[in-house]
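Spelled out from the first residue to the last, the chains are:
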Amino acid sequence: MSKNIKKIAVMTSGGDSPGMNAAIRSVARTCAYYNIECAGIYRGYEGMIEGDFKELTARNVKGIINKGGTILKSARSKEFRTKEGRQKAYDSLKEANIDGLVVVGGDGTFTGALIFNQEFDFPVMGIPGTIDNDIFGTSHTLGYDTALNTVVEVIDKIRDTASSHNRLFFVEVMGRDAGHIALNVGVGAGAEEILIPEEDLGLERLLESLRRSKLSGKSSSIVVVAEGDKIGKNVFELKDYVEENMTEYEVRVSVLGHMQRGGSPSCFDRVLASRMGVKAVESLLEGKSNYMVGLLSDSIQLTPLEQAVKGKSKINEELIRVSDIMTT
């Protein structure tokens, strides 16, 4: 173990996701296990610049593993995007005798950590925390599994009212650049059609699919739409188009929004956060830096931060094929 690391700080940045608190707890308790100090940085990079730190111990992180959001808060920082801002952040860390940094967040958070490491040679490790699951180098990001369970539960409830009123529901889920949530919950909730950014279904094929469903005897339908889908400008434009061309349907839109980020993390996310936190701290103590901790083939592995930032997560092609069969 490295003798140079005597105090590690952990921070959360970007959009919050269930499991972030479990990761904070894991980092703090792993530090305690190895008899090194741990500090929590409040409000992400903004708090790092201002020196907004608090000591984290094995005891004062109790009772947070089951909580959604992040006790360390999250904030965007324009100042950290400047060299002067990053210099202030570095000075704050050194003044607090912090020797290593664990950042929990998405690609924006990792980009900041990568630049910070390159400029100041400061040891950093990343833990992927975003419900979109759009980070290269891991099969699951923190919060993704919880979001899937949340959305499936909501769609099951929407189906009840859709069936009662012979309605077609467009359900928009998060996924600006990636359709992981839409594809998985669409299959899991038995949606009649799934629209994702990676697959341009086209308006006519969508109508044809809905007509087939109608002819087969379905009186109601659920279409899951990723917010980044390219068919229409937005989900409401899709609604208008279908209503114009299929007058037999009463169409409704449900935009699930930020409720997908909330709630108590699933058991999977709690365990994953615990594993990732241990690996992040132990990697810093081993002298490693500039890596992201990820889950690959159920094994916790390291991916260079630069690859995690520049790489593109791939949609599950087999699941697309399964969804095509299931929506027949």
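Going by the structure above, here's the rest.
What you see is a predicted model, and the numbers here were worked out from it, not measured in a lab.

(A) Local environment of the overall build of the protein. In terms of helices and strands, the protein carries 11 helices and 11 strands. For 328 residues, the compact-globule estimate of 2.2 N^0.38 gives 20 Å, and the C-alpha radius of gyration of the protein, at 22 Å, lies within 12% of that figure. Judged by the C-alpha coordinates and their principal axes, the protein covers about 70 × 35 × 30 Å. Within the protein, the proportion of its 328 residues that are buried is 52%. Here the contacts in the protein between residues at least 6 apart in sequence split such that 76% fall between residues at least 24 apart. Carbon and sulfur atoms make up 47% of the accessible area of the protein, which totals about 14700 Å². Here the protein contributes 40 positively and 45 negatively charged side chains, and the mean placements of these two sets differ by 5 Å.

(B) Spotlight on the packing of helix α3 (residues 83–95) against helix α4 (residues 107–120). Packing of α3 against α4 leaves a shortest axis separation of 11 Å and a crossing angle of 75°. The orientation of α3 with respect to α4, classified from their angle, is roughly perpendicular. On α4, the residues touching Lys83, Arg86, Gln87, Ala89, Tyr90 and Leu93 of α3 are Ile115, Phe116, Glu119 and Phe120. Classifying every residue of the contact of α3 with α4 gives six nonpolar, one polar and three charged.

(C) Representation of the sheet that holds strand β5 (residues 124–128) within the structure. Pairing in this open sheet of seven strands is mixed, and the strands run β3-β2-β1-β4-β5-β10-β11 from one edge to the other. Whereas interior strands pair on both sides, the edge strands pair on one side only; in this sheet they are β3 (53–55) and β11 (299–304). For this sheet, the mean inter-axis angle between neighbouring strands, taken without regard to orientation, is 30°. Lying over the sheet, helix α1 (residues 20–33) contacts β1 (7–12), β2 (37–41), β4 (100–105) and β5, oriented at roughly 180° with respect to β1.

(D) Summary view of unusual backbone geometry. With phi around 65°, Lys73 is a residue other than glycine that occupies positive phi space. Along the chain, the position of Lys73 falls in the loop between β3 and α3. Backbone geometry places Asn133, a non-glycine residue, at a positive phi of 60°. Of note, Asn133 is situated in the loop between β5 and α5 (144–165). Classification of Asn133 as buried rests on a relative accessible area of 5%.

(E) Quick look at the environment of Leu295. With respect to the element layout, Leu295 can be found in strand β10 (residues 291–296). Judged by relative accessible area, Leu295 falls into the buried class, the value being 4%. Taking the C-alpha atoms as reference, Leu295 lies 19 Å from Arg25; in sequence the two are 270 residues apart. Contact partners of Leu295, with chain neighbours within four places excluded, come to Gly137, Thr138, Ser139, His140, Phe268, Leu272, Arg275, Met276 and Ile300.

(F) Region of the structure containing helix α6 (residues 180–188). Those residues of α6 not exposed but buried are His180, Ile181, Ala182, Leu183, Val185 and Gly186. Taken together, the buried residues of α6 touch α5, β6 (167–173), β7 (193–195), β8 (221–226) and α11 (317–326). Remark: Gly190 follows α6 within two positions and exhibits a positive phi of approximately 70°.

(G) Spatial organisation of the side chain of Asp269. Within the secondary structure, Asp269 sits in helix α9 (residues 267–285). Within the buried set, Asp269 has no salt-bridge partner at all; the shortest N-O distance to an opposite charge, 8.4 Å, is to Arg270. Polar contacts involving the side chain of Asp269 include one to the side chain of Thr146, which spans 2.6 Å. Here Asp269 is in contact with Pro18, Thr141, Leu142, Gly143, Tyr144, Asp145 and Thr146, once residues within four sequence places are set aside.

What counts, and at which threshold
Residues numbered from 1 in each chain as written. Predicted model: local features only at pLDDT ≥ 70, side-chain atom pairs only at ≥ 80, totals over all residues. Heavy atoms only, no water. Helix = DSSP H or I, 4+ residues; strand = E, 2+ residues; numbered from the N terminus. Rg over C-alpha atoms; globule rule 2.2 N^0.38 Å. Buried < 20%, exposed > 50% of the residue type's maximum accessible area, 1.4 Å probe, protein only. Contact = heavy atoms within 4.5 Å. Areas by Shrake-Rupley, 256 points an atom, 1.4 Å probe, with all protein chains shown as cover. Lys, Arg positive; Asp, Glu negative; His and termini not counted. Charge placed at Lys NZ, Arg CZ, Asp CG, Glu CD. Axes fitted to C-alpha atoms, helices over the stretch in contact; angles between N-to-C directions. Parallel < 35°, antiparallel > 145°, perpendicular 65-115°, else oblique. Nonpolar A, V, L, I, M, F, W, Y, C, P; charged D, E, K, R; others polar. Pairing = 2+ DSSP bridges. Salt bridge = Lys/Arg side-chain N within 4 Å of Asp/Glu carboxyl O. Polar contact = N/O pair within 3.5 Å; in protein donor to acceptor, adjacent residues only side chain to side chain.

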